[in-house]
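# Notes for the structure review
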Amino acid sequence: MKKIFLQMGATRDGQNPYCDVAQRESYFTVLAERGDFVDYQSRGLHLPFDMILRIERPENPYEVMLAYMNAGLLESPHVVLAGFEVYNQSAGRVREMLSDQADHPGFIPLDKYAQRMALKKVLTPVPQPEFRFFASVLNIKEARDMLLYPCVIKPVDGGGGLGIWLVKSAQQLDNAIDKLATTLNYGGRCFSGFIVECWIEGEEYSLQGVVCNGEAHALTCCQKLIEQVDNGDGMISFYESGHVGVAARDLPPAFSNLMQLCCTTFDYRQGAFHIDFIVVDGVPHFLEMGFRLSGMGVVSLVKEITGLNWAEITFNIEQGKPFAGVNFTASTSAVGQLRLRQRSQLVAAERWVLQHQRGSVLPPMSLPPLVVSQDSSLYADLTRHAGILGTLCLTAHDHHEIMALFNAVTNRQGMPSRSNMLCAE
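The structure contained in this document is the topic of the report that follows.

Turning to the overall build of the protein chain, a few remarks are in order. Across its full length, the protein chain holds 13 helices and 16 strands. Taken over C-alpha atoms, the radius of gyration comes to 21 Å for the protein chain, in line with the 22 Å a tight globule of 425 residues would show. Dimensions along the principal axes, computed over C-alpha positions, put the protein chain at roughly 60 × 55 × 50 Å. Every one of the 425 residues in the protein chain was classed for burial, and the buried ones make up 54%. Considering only residue pairs separated by 6 or more positions, the protein chain has 68% of its internal contacts joining residues 24 or more positions apart.

In this section: the side chain of Ser241. By the secondary structure assignment, Ser241 is in strand 11 (residues 236-247). Sequence-distant contacts of Ser241, that is, excluding residues within four places in its chain, are made with Leu225, Glu227, Gln337, Leu338, Arg339 and Arg341.

To continue, consider unusual backbone geometry. Residues apart from glycine generally show negative phi values, whereas peptide bonds are mostly found in trans. Residue Pro150 is bonded to the preceding Tyr149 through a cis peptide linkage, with omega at 0°. Examined against the element boundaries, Pro150 turns out to sit in the loop between helix 6 (137-142) and strand 6 (151-155). Here Asn213, not a glycine, exhibits a phi torsion of approximately 55°, which is positive. Mapped onto the secondary structure, Asn213 falls in the loop between strand 9 (203-212) and strand 10 (215-230). In this structure, Gln357 is a non-glycine residue whose phi angle is positive, near 55°. Along the chain, Gln357 falls in the loop between helix 11 (343-356) and strand 15 (360-362).

Moving on: the pairing of strand 13 (residues 283-290). When a strand is regular, its side chains alternate between the sheet's two faces. Most of strand 13 is tucked away, with 7 of its 8 residues classed as buried. Bridging between strand 12 (residues 270-280) and strand 13 involves 7 bridges; their strand directions are antiparallel. Considered in strand 13, the bridge of His274 is made with Gly290. Where strand 12 folds back on strand 13, the antiparallel hairpin that results is connected by 2 residues, among which Asp281 adopts a positive phi of roughly 55°.

With parallel pairing, the 4 strands of this open sheet are ordered in space as 3-2-1-4. The two strands at the open ends of the sheet, each matched to only one other strand, are strand 3 (51-54) and strand 4 (79-82). Direction aside, the axes of adjacent strands within the sheet are offset by 20° on average. Bridge count between strand 1 (residues 4-8) and strand 4: 4 bridges; the pairing is parallel. The residue of strand 4 that forms the bridge with Leu6 is Val80. Contacting strand 1, strand 2 (28-33) and strand 4, helix 1 (residues 17-24) crosses the sheet at an angle of about 175° to strand 1. Relative to strand 3, helix 2 (residues 35-42) is tilted by about 135°, and along the sheet it contacts strand 2 and strand 3.

Right, let's get into the nonpolar core. Ranked by internal contacts, the top residues of the largest apolar core, which has 39 residues, are Leu6, Met8, Ile140 and Ile153. The greatest single-element share of this core, amounting to 4 residues, is contributed by helix 7 (residues 170-181). If we ignore the near neighbours within four places in the chain, the residues touching Leu6 are Val30, Ala32, Val64, Tyr68, Pro77, Val79, Val80, Leu81 and Val94. The next biggest cluster of nonpolar side chains, apart from the first, holds 32 residues, and it includes Phe5, Val79, Val299 and Ala311.

A complete count under the given rule lists 18 aromatic pairs for this structure. Look at Phe84 and Tyr87: their rings are 6.1 Å apart centre to centre, the planes differ by 70°, and that puts the pair in the edge-to-face class. For the pair Phe84 and Tyr87, a shared accessibility class is recorded, and that class is buried. Ring geometry for Phe266 versus Phe291: centroids 6.1 Å apart, planes at 75°, classification edge-to-face. On the criterion of sequence distance, the pair formed by Phe266 in the loop between helix 8 (253-265) and strand 12 and Phe291 in the loop between strand 13 and helix 9 (298-306) is long-range, its members being 25 residues apart. Judged on exposure class, the residue Phe266 and its partner Phe291 are both buried. Through a chain of ring-to-ring contacts, the aromatic side chains of Phe107, Phe266, Tyr268, Phe286 and Phe291 assemble into a single cluster. The aromatic ring of Phe37 is capped on one face by Arg12, whose charged end is 3.8 Å from the ring centroid. The positively charged end of Lys120 is found above the aromatic ring belonging to Phe131, 5.3 Å away from the centroid.

This brings us to the packing of helix 1 against helix 10 (residues 310-318). One way to put it is that helix 1 packs onto helix 10 with a least axis distance of 9 Å and a crossing angle of 60°. Put simply, helix 1 runs oblique to helix 10. You can see that helix 1 and helix 10 cross each other, and the crossing is right-handed. Residues Pro17, Tyr18, Val21, Ala22 and Arg24 of helix 1 lie in contact with helix 10, whose contacting residues are Ala311, Glu312, Thr314 and Phe315. Class assignment for the residues of the contact of helix 1 with helix 10 results in 6 nonpolar, 1 polar and 2 charged.

About the cut-offs
- In every chain, residue numbers begin from 1 and rise along the written sequence.
- Thresholds applied to this predicted model are a pLDDT of at least 70 for local features of residues and 80 or more for the giving and counting of side-chain atom pairs; totals over whole chains, interfaces and linings are not thresholded and use all residues.
- Side-chain descriptors were evaluated using all non-hydrogen atoms of the structure, hydrogens and water having been removed beforehand.
- Counting from the N terminus, the helices are DSSP H or I runs at least four residues long and the strands are E runs at least two residues long.
- The quantity called the radius of gyration is restricted to C-alpha atoms. Its globule counterpart is 2.2 Å times the number of residues to the power 0.38.
- Relative accessibility thresholds used throughout: buried, under 20% of the residue-type maximum; exposed, over 50%; partly exposed, between the two (1.4 Å probe, protein chains only).
- Note on contacts: a residue pair is in contact if any heavy atoms of the two residues lie within 4.5 Å.
- Note on pairing: DSSP must find at least two bridges between two strands before they are called paired.
- Whenever a helix is involved, its axis is fitted only over the stretch in contact; in every case the axis is a line through C-alpha atoms, and angles between N-to-C directions fall within 0 to 180 degrees.
- In this text, buried Ala, Val, Leu, Ile, Met, Phe, Trp, Tyr and Cys residues form a nonpolar core when linked through side-chain atoms within 4.5 Å.
- Between 30 and 60 degrees the pair is tilted, below 30 it is stacked and above 60 it is edge-to-face, where a pair is any two Phe, Tyr or Trp rings, Trp via its six-membered ring, whose centres lie within 6.5 Å.
- A ring has a charge above it when a Lys NZ or an Arg CZ is no more than 6 Å from the ring centre and no more than 35 degrees off the ring normal.
- An angle below 35 degrees is treated as roughly parallel, one above 145 as roughly antiparallel, one from 65 to 115 as roughly perpendicular, and anything else as oblique.
- By convention, the crossing between two helices is left-handed when the near helix turns anticlockwise from the far helix through less than a right angle, and right-handed when the turn is clockwise.
- Here the term charged refers only to Asp, Glu, Lys and Arg, the term nonpolar to Ala, Val, Leu, Ile, Met, Phe, Trp, Tyr, Cys and Pro, and the term polar to all other amino acids, Gly among them.

Quick look at the structure:
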């Protein structure tokens, strides 16, 4: 009998780690994705799947299964995983539809609001920014004079920073509402709701790991560089541009406790995850959890740091292979990746690499520029995942050294000299 792997949605960073693992394991690989995005990505990348199902709404599990059966695939998929965040719930629904355990419903990933509420109800509440839920942007506007500023508006089912705004006054809120009213989710869909949360300032981190039989295991811990972009009207949007990671050998107890509490509270018993949080005065404040592999090249970052194939570990857990825990094999150095979005950043990064003979600037994906209207189903992808000019990669003994350089390249501080950059390459 043919073993079939079904991936819900293409990755946006051009990597296909699940497909690579599945094909090594002799699976027939199938990708379910919107046809227009397949056409766009295929202009510069080879999609290595054995079959591609062009689906208008991959977020609809019934449409996915109908296309699957119409393609003549007689066996049910053995492994179903999401390649992109917004299709995670659809992947969960498909797994549930295929399950023969009627008395044990499958895991359906929680959106950002459901995560916040679940953690708020635990016996010892997890620190997190104060938040409110709104069903529509008009509801937010009606509450403009009752909100505390500055605040952050987040769609509960977006991804890649789409539709997230920092607003500092009621007037700026009106501008944000006007923008959100014309912003569509991936695939040209509407957002299903919004969180408005208090803005807190601190260092942002993320944990990358896997959970098996309810027990969470961290692979890496990354400090993140979040770029704030002033859009000219005082409103700030965000880009998650940099990750500086170390192996999660000796996590602070607060980080480990947060990780396990999230998996337990959300009843997430198997699969990959990443958890984003912000540290204020040494205390981690929960932001959100992703029930999948990270994008933006973080899978390759995890492998370089730990020697472990995050996708392979996840795939093996999903297909029922025994999991013996995490065994780190790589060095103890920190590794960083910074996605460069501005020409000045690219020039600064290339100049530093040339002067210090350290690190490298990797070229971007070879996807052609494309101009589309705001109501295009490709608009969200092109505004959040295109336009990368290169990626600065660096290894050093201390993650602070890399963060100092990344901050400098993004014009947040002066460029560090050779003497205070202790590279391990």
